[in-house]
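One letter stands for each residue in the lines below.
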Amino acid sequence: MRASRTVHVISAHAEGEVGDVIVGGVLPPPGETLWDQSRWIAQDASLRNFVLNEPRGGVFRHVNLLVPPKHPEADAAFIIMEPEDTPPMSGSNSICVATVLLDGGIIPMQEPRTHLVLEAPGGLVRVRADCRDGKAERIHVQNLPSFAAALDLTLEVEGIGTLAVDTAYGGDSFVMVDATALGFTLTQSEAHDIATLGVRITNAANEQLGFTHPENPDWRHISFCLFAGPLEQGAQGLETSAAVAIQPGKVDRSPTGTALSARMAVLHSCGQMRIGDRLTARSVIGSTFSGTILGETRVGNRPAILPEISGRGWITGIHQHMLDPSDPWPEGYRLSDTWGAR
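So, here's what we can say about the structure. What you are looking at is a predicted structure, and each value in this text was computed from that prediction instead of being measured.

## Quick word on the nonpolar core
- The biggest cluster of nonpolar side chains holds 83 residues, and the ones touching the most others in it are Leu-118, Ile-201 and Phe-227.
- In contact with Leu-118, not counting residues within four places along its chain, are Ala-74, Ala-76, Phe-78, Ser-94, Val-97, Ala-98, Leu-101, Gly-123, Leu-124, Val-125 and Val-127.
- Counting residues in hydrophobic clusters, the runner-up holds 16 residues, among them Val-7, Val-51, Leu-65 and Ala-77.

## Quick look at the pairing of strand 16 (residues 278-282)
- As paired strands, strand 14 (residues 237-246) and strand 16 are joined by 4 bridges and run parallel to one another. Across the sheet, residue Leu-238 finds its bridge partner in strand 16, namely Leu-279.
- Strand direction decides the pairing type here: strand 16 and strand 17 (residues 288-299), joined by 5 bridges, are antiparallel. Bridge pairing in strand 17 links Ala-281 to Phe-289.
- Between strand 16 and strand 17, which pair antiparallel and follow one another directly, the connecting turn spans 5 residues, one of which, Gly-286, has a positive phi of 90 degrees.

## Some points on the pairing of strand 6 (residues 113-120)
- Extensive coverage of strand 6 is indicated by the burial of 6 of its 8 residues.
- Sheet topology places strand 5 (residues 76-81) next to strand 6; 2 bridges connect them, and they run parallel. Following the sheet pairing, Ala-77 is matched in strand 6 by Glu-119.
- Taking the sense of rotation as the criterion, the β-α-β connection linking strand 5, helix 3 (residues 91-103) and strand 6 turns out right-handed.
- Of the pairings in the sheet, the one linking strand 6 to strand 7 (residues 123-132) comprises 8 bridges and is antiparallel in character. Bridge assignment links Ala-120 to a residue of strand 7, and that residue is Gly-123.
- The turn linking strand 6 back onto strand 7 is made up of 2 residues.

Reading the values: the criteria
- Here the residue numbering is sequential within each chain, running from 1 through the sequence in written order.
- Given that this is a predicted model, residues contribute local features only at a pLDDT of at least 70 and side-chain atom pairs are listed and counted only at 80 or more, while totals for whole chains, interfaces and linings are drawn from all residues.
- Hydrogens and waters are ignored; side-chain quantities use all the structure's heavy atoms.
- To define a nonpolar core, start from buried Ala, Val, Leu, Ile, Met, Phe, Trp, Tyr and Cys residues and group those joined through side-chain atoms within 4.5 Å.
- We call a residue buried when its accessible area falls under 20% of the maximum for its residue type, exposed when it is over 50%, and partly exposed in between, using a 1.4 Å probe and counting protein chains only.
- Any two residues having at least one pair of non-hydrogen atoms within 4.5 Å are treated as being in contact.
- When DSSP finds two or more bridges between two strands, those strands count as paired.
- By the criteria applied, helices consist of DSSP H or I runs no shorter than four residues and strands consist of E runs no shorter than two, each listed in order from the N terminus.
- Crossovers are described as right-handed under a simple rule: with the strands pointing away from the observer, the path leading from the first strand over the helix to the second runs clockwise.

Right, here's the structure in full:
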């Protein structure tokens, strides 16, 4: 075999959502901060295209690049590459990264509990991993401060009409809609409709509502649409179903940790959750993330919460993605049958 490029990857998923981790073959990108490095990755796009586009990737795949941390407290750092974005933070991807670091032996595992600090482009996240028999069985992530941006807004969506929505930030930016009001029970059979409608709602929200982060002027858009299921009281706190539509048109297989954080921030702002309360979200495939409000803080002039999310991750394989120098598609390709119209 001949290759002009070889990228070493440990593949993983967190409660169903793929979050591969690049562990070798890629030099750290230029930049004084991790955020600067993530902006370079986003703008250059060559690595994103190589690992996310077909034939090596696909719309279902997220890929994380391990890099040396910039913050002195961090044990490791990662840059998240999603199908259409390079975001500040991701719950499922942080769980995948922690799982790969520990199960892969990159960071020594301490049983029954390992503590580590990860640096995401949006800031530090503190991880507590429940470990047994050489396996990180559950990953707890203290996420970035999360806040409700605007509540009880109206949004016009062509073909649907007027929707009542909230916007919020949970490490990434969301427009939230009532799933029941739109006729969804958030099951696997609805995934296609959730994905296509969710993209339309997200696009409409960006056009009509917009988003600004008080402390990160580079983050000026809404990334995702959360279809929020009804709240129920369970044995260990509140429970709900959830589905997140991701650009360019797929449904998150996990319950989406940043969405769970954002929803807890909205519920806290409405007086429906307090410090110490728990919310467990169930995805369309039946997997769950649990969230807890650890405390209160502020992001700029906005009241915010300190959320913790938890879920499970598993390694699924080890790969070497290669580029033959004669390959006519060195950065791959995207077709509208799966990537949507462009």
